[in-house]
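Listed below are the residues making up each chain.
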Amino acid sequence: MSDTVTLTIDGKTITARAGEMILQAAARNGVYIPRLCAFKDLSPFGSCRVCTVFVNGRPAAACTQPAAEGMVVENNTDAVNAIRRDMVDMLFVEGNHYCMFCEKSGNCELQAMAYRLGITAPRFPYLFPDRDVDMSHPDIYIDRNRCILCARCIRASQEWDGKRVFEFVGRGAAKRLAVNSAALLSETDAALSDRAMRACPVGALLPKRVGYAVPVGERLYDHQPIGTDIEQGTAVD
């Protein structure tokens, strides 16, 4: 059996390693597929569906769909991007995202994804959920208003830090990020040095006393759209 397979993405022929997901193979070949829950070196999760592509005419999550010989993948098309815009729209209206005042603004992947997809304002009605903020820990805080339930902090805590600080509880609209304690983050073994603290794509999990340290014009997505590093081949391995 060959160690590689050949497929096409938007007409471009690429090779993928055996067992490699479409998202990974595309990135190695300079093709950016939008994503939010997917994160390098974390196990695939497939929750946000922003990485939806059409594989041989059918929708699939690129982060969990293995590449296969002869696949025809549609990524940057009007139909696919319309699905992604709806996904991102819903993530905005299901939370309380005040981008103008959020200290993650300019470094936020959700905000940057909206800009890349041409979203200036969500078209769905805002839900304005009642969500709490946990400021109990001396070095870290959780703002659940901004959480998009991507599970990156959950997976990072387990897979990178060898801990189980975070988990989801509830279902549907009541689903929320919980901590491994009776009530508060301060009662867990979470530490500022944990790699999980750097996994959040939005402003839901942040360190204290460093807010707004990077001025406008020097933030991650101030000058180039999200995904530019992959398209230019400068992404860090």
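Calculation criteria
- Residues numbered from 1 in each chain as written.
- Predicted model: local features only at pLDDT ≥ 70, side-chain atom pairs only at ≥ 80, totals over all residues.
- Heavy atoms only, no water.
- Helix = DSSP H or I, 4+ residues; strand = E, 2+ residues; numbered from the N terminus.
- Polar contact = N/O pair within 3.5 Å; in protein donor to acceptor, adjacent residues only side chain to side chain.
- Contact = heavy atoms within 4.5 Å.
- Pairing = 2+ DSSP bridges.
- Phe/Tyr/Trp six-rings, centres within 6.5 Å; stacked < 30°, edge-to-face > 60°.
- Buried < 20%, exposed > 50% of the residue type's maximum accessible area, 1.4 Å probe, protein only.
- Lys NZ or Arg CZ within 6 Å of the ring centre and 35° of its normal.
- 1 Å grid on protein atoms, 1.4 Å probe; cavity = no way out; pocket = protein on both sides within 12 Å on 5 of 7 lines; lining within 4 Å.
- Points joined across faces, edges and corners; volume = space filled by probe spheres on them.
- Nonpolar A, V, L, I, M, F, W, Y, C, P; charged D, E, K, R; others polar.
- Patch = residues over 30% accessible without salt bridge, like charges linked within 9 Å, V, L, I, M, F, W, Y side chains within 5 Å.
- Areas by Shrake-Rupley, 256 points an atom, 1.4 Å probe, with all protein chains shown as cover.
- Salt bridge = Lys/Arg side-chain N within 4 Å of Asp/Glu carboxyl O.
- Axes fitted to C-alpha atoms, helices over the stretch in contact; angles between N-to-C directions.
- Parallel < 35°, antiparallel > 145°, perpendicular 65-115°, else oblique.
- Left-handed = near helix turned anticlockwise from the far one by under 90°.

A few words on the side chain of glutamate 20. Mapped onto the elements, glutamate 20 comes out in the loop between β2 (12–17) and α1 (22–28). Looking at glutamate 20, its side chain comes within polar contact range of the main-chain nitrogen of arginine 17, at 2.9 Å. In contact with glutamate 20, not counting residues within four places along its chain, are Ala25, Arg28, Pro66 and Ala67.

The antiparallel open sheet is built from 3 strands, whose spatial order is β6-β7-β10. What marks the edges here is a single partner per strand, and that holds for β6 (133–134) and β10 (205–207). With 3 bridges joining them, strand β7 (residues 140–143) and β10 adopt antiparallel strand pairing. When the bridges of β10 are listed, isoleucine 140 appears paired with proline 207.

How two aromatic rings sit relative to each other is set out by the distance from centre to centre and by the angle between their planes. Considering all chains together, one arrives at 2 aromatic pairs under this definition. When the centroid spacing of 5.5 Å and the interplanar angle of 25° are considered together, the rings of tyrosine 126 and phenylalanine 128 count as stacked. By relative accessible area, which is 57% here, phenylalanine 128 ends up exposed. The ring of tryptophan 160 has arginine 195 lying over it, and the distance from NZ or CZ to the ring centre is 4.0 Å.

The next point concerns the layout of surface pockets. Approximately 520 Å³ is the volume attributed to the second largest pocket. Lining the second largest pocket are 23 residues, with Glu94, Arg131, Leu149, Gly172 and Lys175 sitting closest to its centre. Those elements that place two or more of their residues in the lining of the second largest pocket are α2 (78–93) and β9 (176–179). The dominant element in the lining of the second largest pocket, judged by the number of residues it contributes, is α2, at 3 residues. Counted by class, the lining of the second largest pocket contains 13 nonpolar, 3 polar and 7 charged residues.

A word on a nonpolar patch on the surface. Together, Tyr98, Met100, Phe101, Tyr126 and Phe128 make up a nonpolar patch on the protein surface, roughly 690 Å² of accessible area in all. Taking relative accessible area as the criterion, phenylalanine 101 reaches 59% and is therefore assigned exposed.

Between α2 and helix α3 (residues 109–116), whose axes approach to 10 Å, the crossing angle comes to 140°. The angle between α2 and α3 places the two elements in the oblique class. For α2 against α3, the interelement crossing comes out left-handed. Residues Val88, Leu91 and Phe92 of α2 pack against Leu110, Gln111, Met113 and Ala114 of α3. For the contact of α2 with α3, the residue count by class is 6 nonpolar, 1 polar and no charged.

What follows concerns the side chain of arginine 219. With respect to the element layout, arginine 219 can be found in the loop between β10 and α5 (228–231). Judged by relative accessible area, which is 19%, arginine 219 ranks as buried. Within the structure, the side chain of arginine 219 is placed 3.0 Å from the backbone oxygen of serine 105, a separation counted as a polar contact. Here arginine 219 is in contact with Ser105, Gly106, Asn107 and Val214, once residues within four sequence places are set aside.

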